[in-house]
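The chain contents come next:
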Amino acid sequence: MKLRNFFYEAFLFLLVIVSVVIALVSNERFTLVHWVIWGIFFVDYFIRFVAAEMAVR
């Protein structure tokens, strides 16, 4: 389980790096990629939020 968690966190870190680089480049052709990355972050946050709410109950 720890190895799986490591790869998950590494993947999210990679997405952060790519997102920052794309934001710095500010190129029109990377707009879709940028929105997809932010969509992944939103879904990840929402799933963690729901899971935390269920754990509290």
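Scoring rules and cut-offs
Residues numbered from 1 in each chain as written. Predicted model: local features only at pLDDT ≥ 70, side-chain atom pairs only at ≥ 80, totals over all residues. Heavy atoms only, no water. Axes fitted to C-alpha atoms, helices over the stretch in contact; angles between N-to-C directions. Helix = DSSP H or I, 4+ residues; strand = E, 2+ residues; numbered from the N terminus. Parallel < 35°, antiparallel > 145°, perpendicular 65-115°, else oblique. Left-handed = near helix turned anticlockwise from the far one by under 90°. Contact = heavy atoms within 4.5 Å. Nonpolar A, V, L, I, M, F, W, Y, C, P; charged D, E, K, R; others polar.

1. A look at the packing of helix α1 (residues 2–25) against helix α2 (residues 31–56)
Right, so step 1: Packing of α1 against α2 brings their axes to within 10 Å, and their N-to-C directions diverge by 140°. As judged from the angle between their axes, α1 and α2 are oblique. Seen from above, α1 lies across α2 with left-handed handedness. Contacts between α1 and α2 involve Tyr-8, Glu-9, Leu-12, Leu-15, Val-16, Val-18, Ser-19, Ile-22 and Ala-23 from the former and Val-33, His-34, Ile-37, Trp-38, Ile-40, Phe-41, Asp-44 and Arg-48 from the latter.
Right, so step 2: Of the residues that constitute the contact of α1 with α2, the class distribution is 12 nonpolar, 2 polar and 3 charged.

All quantities given are derived from atomic positions and should not be read as evidence of function.
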